[in-house]
Amino acid sequence: MTYIAKPKLHHPSLVKNKAGYTRREYEGAVSTLCAGCGHDSISAAIVQACYELDVLPHQIAKLSGIGCSSKTPTYFLGASHGFNTVHGRMPSVMTGANLANRDLVYMGVSGDGDSASIGLGQFAHIMRRGVNMTYIVMNNGVYGLTKGQFSATADKGSIAKKGAANPDEAIDLVSLAILMGATFVGRSFSGDKQQMVPLIKAAMAHKGAAFLDIVSPCVAFNNHAGSTKSYDYVREHNEALNRIDVIESRDEITTEYDPGTATAVQQHDGSWLRLRKLGEEYDASDKIAAMKRVQEGLAAGEVVTGLLYVDALPKDLHQNLNTVDVPLNTLKTADLSPGAAALDRINASLR
Ligand SMILES: Cc1ncc(C[n+]2csc(CCOP(=O)(O)OP(=O)(O)O)c2C)c(N)n1
Ligand code: SF4
Ligand SMILES: [Mg+2]
């Protein structure tokens, strides 16, 4: 229960990261979600990723919409900035916040109802604008908070708890994000922490629009036979294309690097992503190949996971708009009002 405070006492041997914080300091309040809900596992993975990345909690801004998934920012990063927006409107609020202060690390958390139903337009535009963020959809195929109606990501033919079959085509957010211009796109499963944590770390290190679709079963309304978002279905149909390691710029990349089985991709911030291929050859930097592989997976009923597409040197919203390097909210009147002479020059250039 959120009103039960977590004990403040820490065991003296809890290990601090390079920023001087223990893992506990990246946690939030006690979760009120149903026991076994996939969303809680994703929250735990976000905590672990931020702890391992040594991010300062007060430099993170977490934003969400409405839904069980959108409640989760209460349960992680208790010392970070937070904004719980209107249903489906998180992307526009995050775009505005990022424009005002480019120096924060932006983490958006949403649900499949929040992003693929009411918020679909906003979702599309934040991807094409290249807002520098990590955008996670906790995807359970239903509106969990309002008691289990099919969402727009529910597969056609998927069976509801009371037996009805979904007549509509599903929206695949991974395909949409790639199409709309997201520069880092991955899919994972809430039951696979080993895959989720490095994917979240890599997405946070990416300096552009990073999107993660994480299948997250709703144990109350969508975890039965006939559902394609249940723990059993995802475990049986999970096709992981690669495993990712994030190597920070200060660390040596050459260790354990074995060309042929792994690809190393250097990102803008100097960090390296090492992709260990699992089985088939797959090139995550090839956008067309990524779209093809994702579509093949959908047709075969597979849940294709891993890092699906990455543009290692993306342009973000600020580069596209050619804004100044300092946060816009630190500019003073003198910076914003260049004076009558400058205004005359601008007017003259437009005549
Ligand atoms: C404008 C508006 N319309 C409808 C609702 C009702 N509503 C609340 S949460 C929700 C859907 C949540 O589904 P999802 O985003 O998938 O989150 P989940 O609970 O499954 O994690 C809906 C329709 C609302 N709060 N606001
Ligand atoms: S209703 Fe579903 S999504 Fe919501 S907390 Fe319970 S299990 Fe999770
Ligand atoms: Mg949902």
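Residues numbered from 1 in each chain as written. Chains lettered and ligands numbered in written order. Predicted model: local features only at pLDDT ≥ 70, side-chain atom pairs only at ≥ 80, totals over all residues. Heavy atoms only, no water.

S.K.: Could you give an account of the overall build of the chain, with specific residues and numbers?
M.R.: For the chain, the helix and strand inventory stands at twelve helices and 13 strands. Rg of the C-alpha trace for the chain: 21 Å, near the compact-globule value of 20 Å for 351 residues, within the 12% margin. Expressed as lengths along the three principal axes of its C-alpha atoms, the size of the chain is roughly 70 × 55 × 50 Å. When the accessible surface of the chain is summed, it comes to about 16400 Å², and 56% of that surface belongs to carbon and sulfur atoms. In the chain, 34 positive and 35 negative side-chain charges are present, and the distance between their average locations comes to 7 Å. (Helix = DSSP H or I, 4+ residues; strand = E, 2+ residues; numbered from the N terminus. Rg over C-alpha atoms; globule rule 2.2 N^0.38 Å. Areas by Shrake-Rupley, 256 points an atom, 1.4 Å probe, with all protein chains shown as cover. Lys, Arg positive; Asp, Glu negative; His and termini not counted. Charge placed at Lys NZ, Arg CZ, Asp CG, Glu CD.)

S.K.: With reference to specific residues and values, describe the coordination of the magnesium ion (ligand 3).
M.R.: Binding of the magnesium ion (ligand 3) to the protein goes through Asp112 (OD), Asn140 (OD1) and Val142 (O), at separations of 2.1 to 2.2 Å. Taken in sequence order, the residues that donate to the magnesium ion (ligand 3) follow the motif D-x27-N-x1-V. Val142 shares its class with Asn140; the two are buried. (Donors = N, O, S within 2.8 Å, 3.2 Å for Na, K, Ca; no water. Buried < 20%, exposed > 50% of the residue type's maximum accessible area, 1.4 Å probe, protein only.)

S.K.: Any chance you could break down the pairing of strand β7 (residues 184-189) for me, citing the residues and the numbers?
M.R.: With six of six residues buried, β7 lies mostly within the body of the structure. Side chains Phe184, Gly186 and Ser188 of β7 all project onto a buried face; the interleaved residues Val185, Arg187 and Phe189 project onto the opposite face, where all are buried too. Looking at chain direction, β7 and strand β8 (residues 209-215) are connected through six bridges and run parallel. Bridge pairing links Gly186 to Leu212 in β8. Running through helix α7 (residues 193-205), the crossover from β7 to the neighbouring parallel element β8 is right-handed. (Pairing = 2+ DSSP bridges. Right-handed = clockwise from strand over helix to strand, strands pointing away.)

S.K.: Summarise the pattern of salt bridges; cite the residues concerned and give the values.
M.R.: The full count for this structure, using the stated rule, is twelve salt bridges. Here Glu27 makes a salt bridge to Arg24, at a shortest N to O gap of 3.4 Å. Its relative accessible area of 26% is what places Arg24 among the partly exposed residues. The network of salt bridges with common partners includes Arg23, Arg24 and Glu27. (Salt bridge = Lys/Arg side-chain N within 4 Å of Asp/Glu carboxyl O.)

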